[in-house]
Amino acid sequence: MSIKNKARIVASLTVGGFIALIFLAVGCKGEYGVIEEERVTFAPAQTVALDATPADIEPTQTGVTPVPVENISAALDGKEGGALIATVDTTRKVTYKEAEAAFRERNYAEATELFTRYTQRKPENAWGYYMLGLSAKRAGDLEKSVQALQKAASIDPQHLKSWVNLGRTHMALNQPNESLAAVEKALVIDPSARDAYRIKGRAHHQLGELPEAELAYKQALALNDRDAWSMNNLAFVMIGQRKFDDALPLLARAIEINDQVAVFHNNLGMVLENKGYFRASEKAYESAVALDEGYTRAVTNKARVAGITEANSAGDPDFAALAQRAASAIKSWESISAQGGQ
């Protein structure tokens, strides 16, 4: 199926009323306990700025009017950032490659400082602000990240990665409405931006807009049928509505693809427990704890299920068959029409 056809996927979902299960809410660490890593795209090495060292590789900027940046230190640096900058030689020019190297080495506080100084010197470069936003986010300064990503998007409104990561950062700040606005901008630029659909699903879920959350996750999966996180997140939406029969195949498939995520196993355990598969549920919780010994909710869930000794406890379901059922369902979502019918 072509990318164009995949990008036009829209589903019509009918979802029953949301039933808030206190046990489920407490029992699950949450599908966002481990946020997916940003897929970082670095600036293309296309041209070298005239005033740059040979290592200072700049992306080609076409049709971009330089945007003056006033008081950038005050706008983008907190108290810690200001103190940090005061300790370094501010007369030396920072190159893009130097700042990018600090990011690649996971020295995010240093990368934040270096990209801040780089954007002072190259305020017209959207990639500089984009990398400043990613660096600040990973350094834990979410407000600075938002400001930098907004600046990148204002310089280059077609900068897809800035809009997507702005949506992510707003979610980290518990701002789902702002996140939705950002990812909608991304989807106008590229309707096949699958990461944007996953973020969109999270935002709608947080707002309690469950049909919209389900749709967004299905769109993400139609574009990438091995997106285990979207499978887990969609299953979590269904768990909250007691749609365990729908959630179970998705979680089986997610674990078939990636069995190293504790959250997936914990969520699977919750579904199995609610369906009466107590021994299989206990095994799922054990797997979660084995992957993350500090996962206290999975430890609590395992202890609770271990105390259930009913003789009629069902055996293990056929997880391979369940995973195949999910794979087939996801395949069918690729043909959902743009008009919302199936």
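If you're wondering where the values come from, they're calculated on a predicted model, not measured in any experiment.

Criteria and thresholds
- Residues numbered from 1 in each chain as written.
- Predicted model: local features only at pLDDT ≥ 70, side-chain atom pairs only at ≥ 80, totals over all residues.
- Heavy atoms only, no water.
- Helix = DSSP H or I, 4+ residues; strand = E, 2+ residues; numbered from the N terminus.
- Buried < 20%, exposed > 50% of the residue type's maximum accessible area, 1.4 Å probe, protein only.
- Contact = heavy atoms within 4.5 Å.
- Areas by Shrake-Rupley, 256 points an atom, 1.4 Å probe, with all protein chains shown as cover.
- Phe/Tyr/Trp six-rings, centres within 6.5 Å; stacked < 30°, edge-to-face > 60°.
- Salt bridge = Lys/Arg side-chain N within 4 Å of Asp/Glu carboxyl O.
- Axes fitted to C-alpha atoms, helices over the stretch in contact; angles between N-to-C directions.
- Parallel < 35°, antiparallel > 145°, perpendicular 65-115°, else oblique.
- Left-handed = near helix turned anticlockwise from the far one by under 90°.
- Nonpolar A, V, L, I, M, F, W, Y, C, P; charged D, E, K, R; others polar.
- Polar contact = N/O pair within 3.5 Å; in protein donor to acceptor, adjacent residues only side chain to side chain.
- pLDDT = per-residue confidence, 0-100.

1. A look at the overall build of the chain
Turning to step 1, where the next piece is worked out: Across its full length, the chain carries 18 helices and two strands.
Turning to step 2, where the next piece is worked out: Out of the 342 residues in the chain, the part that is buried amounts to 51%.
Turning to step 3, where the next piece is worked out: Considering only residue pairs separated by 6 or more positions, the chain has 66% of its internal contacts joining residues 24 or more positions apart.
Turning to step 4, where the next piece is worked out: When the accessible area of the chain is evaluated, it comes to approximately 15,700 Å², of which 52% is carbon and sulfur surface.

2. Focus on the environment of Val299
Turning to step 1, where the next piece is worked out: Mapped onto the elements, Val299 comes out in helix H17 (residues 296-306).
Turning to step 2, where the next piece is worked out: Look at Val299 and you get partly exposed, because its relative accessible area is 39%.
Turning to step 3, where the next piece is worked out: As a C-alpha pair, Val299 and Ala288 span 11 residues in sequence and 8.4 Å in three-dimensional space.
Turning to step 4, where the next piece is worked out: The contacts of Val299, once residues within four sequence positions are left out, are Val289 and Glu293.

3. A look at the packing of aromatic side chains
Turning to step 1, where the next piece is worked out: Evaluated as defined, the whole model comprises five aromatic pairs.
Turning to step 2, where the next piece is worked out: Pairing Trp229 with Phe264 gives two aromatic rings, centres 5.0 Å apart and planes at 70°, and the pair type is edge-to-face. Of this pair, Trp229 sits in helix H13 (residues 228-239) while Phe264 sits in helix H15 (residues 262-274), and the two are 35 residues apart along the sequence. Per residue, the accessibility class of Trp229 equals that of Phe264, and both read buried.
Turning to step 3, where the next piece is worked out: Of the aromatic side chains, those joined through ring pairs into one cluster are Tyr96, Phe115 and Tyr118.

4. Re the pattern of salt bridges
Turning to step 1, where the next piece is worked out: All told, the structure shown has 12 salt bridges when counted by the stated rule.
Turning to step 2, where the next piece is worked out: For Lys200, the salt bridge goes to Glu184, with nearest N and O atoms at 3.0 Å. Linking Lys200 in helix H11 (residues 194-206) with Glu184 in helix H10 (residues 176-189), this pair joins segments that are 16 residues apart in sequence.
Turning to step 3, where the next piece is worked out: Judged by its relative accessible area of 15%, Lys200 is buried.
Turning to step 4, where the next piece is worked out: The partner of Glu334 in a salt bridge is Lys331, and the shortest N-O contact between them spans 3.6 Å.
Turning to step 5, where the next piece is worked out: According to the relative accessible area criterion, Glu334 is buried, its value standing at 12%.
Turning to step 6, where the next piece is worked out: The class for Lys331 is exposed, based on a relative accessible area of 52%.

5. Digging into unusual backbone geometry
Turning to step 1, where the next piece is worked out: Although it is not a glycine, Asn174 sits at a positive phi angle of roughly 60°.
Turning to step 2, where the next piece is worked out: Assignment of secondary structure puts Asn174 in the loop between helix H9 (160-172) and H10.
Turning to step 3, where the next piece is worked out: Unusually for a residue other than glycine, Arg242 sits at a positive phi of about 60°.
Turning to step 4, where the next piece is worked out: Mapped onto the elements of the fold, Arg242 is located in the loop between H13 and helix H14 (244-257).

6. A word on the packing of H9 against H10
Between two packed helices, what matters for the description is the angle formed by their axes and the separation of those axes.
Turning to step 1, where the next piece is worked out: Between H9 and H10, whose axes approach to 8 Å, the crossing angle comes to 165°. Taken together, the axes of H9 and H10 are roughly antiparallel relative to one another. Viewed along their axes, H9 and H10 form a crossing whose handedness is left-handed. Residue-level inspection shows Leu160, Trp163, Val164, Leu166, Gly167, His170 and Met171 of H9 in contact with H10, the latter providing Pro176, Glu178, Ser179, Ala182, Val183, Lys185, Ala186 and Ile189.
Turning to step 2, where the next piece is worked out: For the contact of H9 with H10, the residue count by class is 10 nonpolar, three polar and two charged.

7. A word on the packing of H10 against H11
Turning to step 1, where the next piece is worked out: As a packed pair, H10 and H11 sit with axes 9 Å apart at the nearest point and diverge in direction by 155°. By the criterion of interaxial angle, the relationship of H10 to H11 is roughly antiparallel. The handedness of the crossing between H10 and H11 is left-handed. Residues Pro176, Ser179, Leu180, Val183, Glu184, Ala186 and Leu187 of H10 lie in contact with H11, whose contacting residues are Ala196, Tyr197, Ile199, Lys200, Ala203, His204 and Gln206.
Turning to step 2, where the next piece is worked out: Looking at the contact of H10 with H11 residue by residue, the classes come out as nine nonpolar, three polar and two charged.

8. Topic: the side chain of Asp195
Turning to step 1, where the next piece is worked out: Note on placement: Asp195 falls in helix H11.
Turning to step 2, where the next piece is worked out: A polar contact of 3.3 Å, which involves the side chain of Asp195, links it to the side chain of Arg168.

9. Describing the confidence of the model for the chain
Turning to step 1, where the next piece is worked out: With 70% of its residues at a pLDDT of at least 70, the chain reaches an overall mean of 78.
Turning to step 2, where the next piece is worked out: Scored below 50 in pLDDT, residues 1-37 makes 93 contacts in the model with residues more than four places away or belonging to other chains.
Turning to step 3, where the next piece is worked out: For residues 337-342, every residue scores under 50 in pLDDT, and the model assigns this stretch nine contacts once sequence neighbours within four places are set aside.

10. What to know about the environment of Asn258
Turning to step 1, where the next piece is worked out: For Asn258, the location among the structural elements is in the loop between H14 and H15.
Turning to step 2, where the next piece is worked out: Residue classification places Asn258 among the partly exposed residues on the basis of a relative accessible area of 29%.
Turning to step 3, where the next piece is worked out: Put simply, Asn258 and Asp227 are 31 residues apart on the chain and 9.6 Å apart in space, counted from C-alpha to C-alpha.
Turning to step 4, where the next piece is worked out: A polar contact is formed between the side chain of Asn258 and the backbone nitrogen of Gln260, at a distance of 3.0 Å.

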